[in-house]
Amino acid sequence: MNGFRMHFVGIKGTGMAALVEICAARGAVITGSDVEERFYTDEILEKLGITPLPFSKDNIGGNGKPLPDIVVYSSAYKLDVNPDLIEACAKGIKCVLYTEALGAVSAASYSVGICGVHGKTTVTGMSGTLINSLGLPAQILAGSAVKSFGGSCTLTAGHKYFVAETCEYQRHFMAFHPQKIVLTSVESDHEDYYPTYGDILDAFVDYLCLLPENGTVIYCSDDKGACEAVENARLSREDIKFIPYGEYAPGDYGIVFGRIEDGKQYFSLNGYDVEFAVRIPGHHEVLDAAAAIALSVELLKTDRNTEDAEAVSAADLNKLKDALLSFEGAKRRSEIIGEAGNCVFIDDYGHHPTAIKTTINGFRSFYPDRVIIVDFMSHTYTRTAALLEDFASAFGDADEVILHKIYPSAREVYSGGVNGKILFARTSAHHQNVKYFEEVMDAEPYVLERLSKPLPAGKTGYLFITMGAGDNWKLGKSVFDKLNTK
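Residues numbered from 1 in each chain as written. Predicted model: local features only at pLDDT ≥ 70, side-chain atom pairs only at ≥ 80, totals over all residues. Heavy atoms only, no water.

Novice: What is the right way to read the overall build of the chain from this model?
Specialist: What the chain contains, in helices and strands, is 15 helices and 20 strands. By the compact-globule yardstick of 23 Å for 486 residues, the chain fits well, its C-alpha radius of gyration being 23 Å. Projected onto its principal axes, the C-alpha coordinates of the chain cover approximately 65 × 60 × 45 Å. Going through the 486 residues of the chain one by one, you find that 55% of them count as buried. Within the chain, residue pairs in contact and separated by at least 24 positions form 70% of the contacts whose partners lie at least 6 positions apart. When the accessible surface of the chain is summed, it comes to about 19,500 Å², and 50% of that surface belongs to carbon and sulfur atoms. (Helix = DSSP H or I, 4+ residues; strand = E, 2+ residues; numbered from the N terminus. Rg over C-alpha atoms; globule rule 2.2 N^0.38 Å. Buried < 20%, exposed > 50% of the residue type's maximum accessible area, 1.4 Å probe, protein only. Contact = heavy atoms within 4.5 Å. Areas by Shrake-Rupley, 256 points an atom, 1.4 Å probe, with all protein chains shown as cover.)

Take a look at the structure:
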């Protein structure tokens with residue numbers, strides 16, 4: 001891609017910024033445009049020497065600028081509305097969606113697609129960290145900034161292998177060219193596009209069937225939907241190698257859960273005489289770790305051109321063990337913001353009832369002596385309406401729940417009656433301590449007062465978690481900043 005000129009419309013989006021990193025590492029010359037609001041991705045772009053421009057037709061060859069060879073655009077922008085895209089089309093410059101561009105990159109390497117309704121960002125981050133520890137020439141793309149990637153969304157140590165988080169929404173992952181796939185979970189989600197469970201299940205089955213002859217699927221045998229997708233794919237693709245991982249998985253990647261001690265979860269795998277540990281709370285994080293180990297081992301076998309498990313040495317396993325222990329998570333994935341006073345502040349992207357329930361349960365196991373307060377902002381009306389009772393009953397391990405209005409999405413059209421107050425009413429039927437503030441920052445005075453109250457007997461502190469795909473992370477950050485200056 002040396003000297004190849006690319007212009008990115010919506011360059012500050014997490015996936016777009018990650019793709020920019022990937023293409024820049026391969027020699028592309030990049031410009032981009034977006035809104036003026038500052039995002040954490042601005043820092044990623046600044047490290048690359050890229051300053052996002054305001055949307056304008058002049059970005060495409062105006063004022064003496066060289067014309068881009070291609071324009072990549074986010075699905076949030078339309079070819080007939082955005083001025084950059086209108087001008088590019090008028091000048092005959094090829095415009096491709098982010099997912100199409102990602103697919104083109106994947107076709108140039110031995111590529112691995114990591115997919116699933118839950119866990120794909122963490123699995124991608126863990127996998128990149130582990131694969132890098134083995135010295136494999138790989139490039140990794142995650143859906144969020146990862147601490148062990150130096151705070152970036154990508155990690156580059158070569159281009160032979162390409163491991164990327166791939167998204168099921170609107171079947172975007174069908175543009176990818178995988179040789180291996182990791183499947184974490186399948187259940188109903190994105191109801192604006194997949195009205196039924198059968199619709200989203202079919203999409204995952206079709207993705208698995210994209211694999212070339214004798215491709216590999218590493219899947220979570222503890223997840224009912226993942227198992228169903230595998231069984232459906234197997235009906236037409238007997239050549240695919242299906243490798244299970246999980247607590248009930250047969251084979252090398254069956255998990256034996258161990259103790260929780262000193263902020264670590266210990267576990268082992270049936271096929272390897274090593275005790276692994278993760279620093280991130282939750283049963284699901286051990287599943288994610290097993291997926292990352294399985295992928296790293298299988299990719300190492302591919303690199304060494306062998307199927308022999310003994311080709312993976314004790315030294316290799318120790319590298320994986322140390323790398324896994326060094327993994328501290330991705331941005332907005334059980335991210336510890338800090339500790340102020342007697343409260344630990346955490347921000348998490350969990351926006352589906354299953355993710356909410358398992359994540360809070362994990363925090364409860366790691367912080368048994370803290371009062372857990374969860375501030376949740378639901379994302380999209382269609383998801384909230386379709387899974388209303390599941391959302392309402394997902395907060396059982398929290399001592400207190402704070403809810404807000406629903407964070408909308410420009411991509412959905414919703415005419416029903418479910419809103420934040422309805423979610424509050426239904427959650428109150430399941431949980432005895434629920435508060436409601438329509439606007440996120442309206443809750444700040446209450447939270448500050450709440451965290452100043454004496455603790456119940458046997459409790460040593462508070463845990464305040466902002467959770468969801470909305471913008472309520474601002475509340476946790478603001479309260480933390482105020483308490484941290486006292």
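Novice: How do you make sense of the sheet that holds strand β18 (residues 400-403) when you look at a structure like this?
Specialist: Think of a sheet as strands paired side by side through backbone hydrogen bonds, with each pair either parallel or antiparallel. Taken in spatial order, the six strands make up an open sheet running β15-β16-β20-β17-β18-β19, and their pairing is mixed. In this open sheet, the two edge strands, each paired with only one partner strand, are β15 (335-340) and β19 (434-436). Put simply, the sheet's adjacent strands are angled 20 degrees from each other on average, direction ignored. In the sheet, strand β17 (residues 370-377) pairs with strand β20 (residues 461-468) via eight bridges, with the strands oriented parallel. Counted as the bridge partner of F376 is M467 from β20. Across the sheet, helix α13 (residues 420-430) is in contact with β17, β18 and β19; its angle to β19 comes to roughly 165 degrees. (Pairing = 2+ DSSP bridges. Axes fitted to C-alpha atoms, helices over the stretch in contact; angles between N-to-C directions.)

Novice: Can you walk me through the sheet that holds strand β1 (residues 5-9) in this structure?
Specialist: Across the sheet, which stays open at both edges, the four strands sit in the order β2-β1-β3-β4 with parallel pairing between neighbours. The two strands at the open ends of the sheet, each matched to only one other strand, are β2 (29-33) and β4 (95-97). Between one strand axis and the next, the sheet turns through 25 degrees on average, direction left out of account. Seen against the sheet, helix α1 (residues 14-25) touches β1, β2 and β3 (70-73) and runs at an angle of roughly 170 degrees to β1.

Novice: Teacher, can you tell me more about the nonpolar core here?
Specialist: Side chains of nonpolar character tend, in soluble globular proteins, to be buried together. Of all hydrophobic cores here, the largest spans 51 residues; its most connected members are F8, L19, I30, L183 and F204. Filtering out sequence-adjacent residues up to four positions away, F204 remains in contact with C115, G116, V117, E168, F173, L183, S185, V186 and A229. L155, V312, A323 and F327 belong to the second-largest nonpolar core, a separate cluster that totals 48 residues. (Core = buried A, V, L, I, M, F, W, Y, C linked by side-chain atoms within 4.5 Å.)

Novice: Would you mind showing me how to read the packing of helix α6 (residues 197-208) against helix α7 (residues 224-236) here?
Specialist: To describe two helices that pack against each other, one gives the angle between their axes and the distance between the axes. For the pair α6 and α7, the least separation of the axes is 9 Å and the interaxial angle reads 55 degrees. Considered as vectors, α6 and α7 are oriented oblique to each other. Once α6 is placed against α7, the crossing between them reads as right-handed. Residues Y197, L201, F204, V205 and L208 of α6 lie in contact with α7, whose contacting residues are G225, E228, A229, V230, N232 and A233. Split by residue class, the contact of α6 with α7 holds eight nonpolar, two polar and one charged. (Parallel < 35°, antiparallel > 145°, perpendicular 65-115°, else oblique. Left-handed = near helix turned anticlockwise from the far one by under 90°. Nonpolar A, V, L, I, M, F, W, Y, C, P; charged D, E, K, R; others polar.)

Novice: I would appreciate a short explanation of the pairing of strand β5 (residues 110-115) in the present structure.
Specialist: Working note: regular strand, side chains alternate between the two faces of the sheet. Among the six residues of β5, five are classified as buried, and the element is accordingly described as predominantly covered. Here five bridges tie β5 to strand β8 (residues 161-165), and the two strands are oriented parallel to one another. Each bridged residue has a counterpart across the sheet, and for I114 the counterpart in β8 is E165.

Novice: Even after reading the chapter, I still don't get helix α3 (residues 83-90), so can you show me in this structure?
Specialist: Each full turn of the α-helix corresponds to 3.6 residues, which orients residues three or four apart in the same direction. Every buried residue of α3 is accounted for by D84, L85, E87 and A88. Take α3 and look down its axis: the buried residues cluster within an arc of 165 degrees, on one side only. Tucked into the core, α3 has its buried residues touching β1, β2, β3 and β4. N-cap assignment for α3: the residue whose side-chain oxygen lies 2.9 Å from the backbone N of D84 is N82. (Arc of directions from axis to C-beta. Polar contact = N/O pair within 3.5 Å; in protein donor to acceptor, adjacent residues only side chain to side chain.)

Novice: Looking at this structure, I do not really get the packing of α1 against helix α4 (residues 98-106). What am I missing?
Specialist: Between α1 and α4, whose axes approach to 11 Å, the crossing angle comes to 30 degrees. By the angle between their directions, the pair α1 and α4 is classed as roughly parallel. As α1 packs across α4, the resulting crossing turns out to be left-handed. Residues G15, M16, L19, I22 and C23 of α1 form the contact with α4, whose own contacting residues are Y98, A101, L102 and V105. Residue composition of the contact of α1 with α4, grouped by class: eight nonpolar, one polar and no charged.

Novice: Would you mind going over α13 with me for this structure?
Specialist: Of the residues making up α13, those classed as buried are G420, L423 and T427. Down the axis of α13, the sector holding all buried residues measures 55 degrees, keeping them to one side. Opposite its buried face, α13 presents the exposed residues K421 and A429, each directed more than 90 degrees away. The elements touched by buried residues of α13 are β17, α11 (381-386), α12 (388-392), β18 and β19.

Novice: What should I look at first to understand the pattern of salt bridges in this one?
Specialist: Side chains that carry opposite charge are capable of pairing whenever their charged atoms lie near each other. Summed over the entire model, instances satisfying the criterion amount to 24 salt bridges. Between E87 and K91 there is a salt bridge, and its shortest N-O distance comes to 3.3 Å. In this structure E87 comes out as buried when scored by relative accessible area, which is 19%. For R237, the salt bridge goes to D239, with nearest N and O atoms at 2.8 Å. Judged by relative accessible area, which is 25%, D239 ranks as partly exposed. One connected set of salt bridges, linked through shared partners, spans K241, E298, K301 and E307. (Salt bridge = Lys/Arg side-chain N within 4 Å of Asp/Glu carboxyl O.)

Novice: Explanation requested: the packing of aromatic side chains in the structure shown.
Specialist: The way to describe two aromatic rings as a pair is by their centre distance and the angle between their planes. Overall, the coordinates contain 15 aromatic pairs when judged by the stated rule. In this structure an aromatic cluster arises from ring pairing among Y169, Y193 and Y194. Just above the ring of F162 sits the side chain of R26; from NZ or CZ to the centre is 5.7 Å. The ring centre of Y266 lies 3.8 Å from the NZ or CZ of R259, which sits over that ring. (Phe/Tyr/Trp six-rings, centres within 6.5 Å; stacked < 30°, edge-to-face > 60°. Lys NZ or Arg CZ within 6 Å of the ring centre and 35° of its normal.)

Novice: For this particular structure, what's the right way to read the side chain of S109?
Specialist: Counting through the fold element by element, S109 comes out in the loop between α4 and β5. Leaving out residues up to four positions away in the same chain, S109 has contacts with R26, H159, K160, Y161 and F162.

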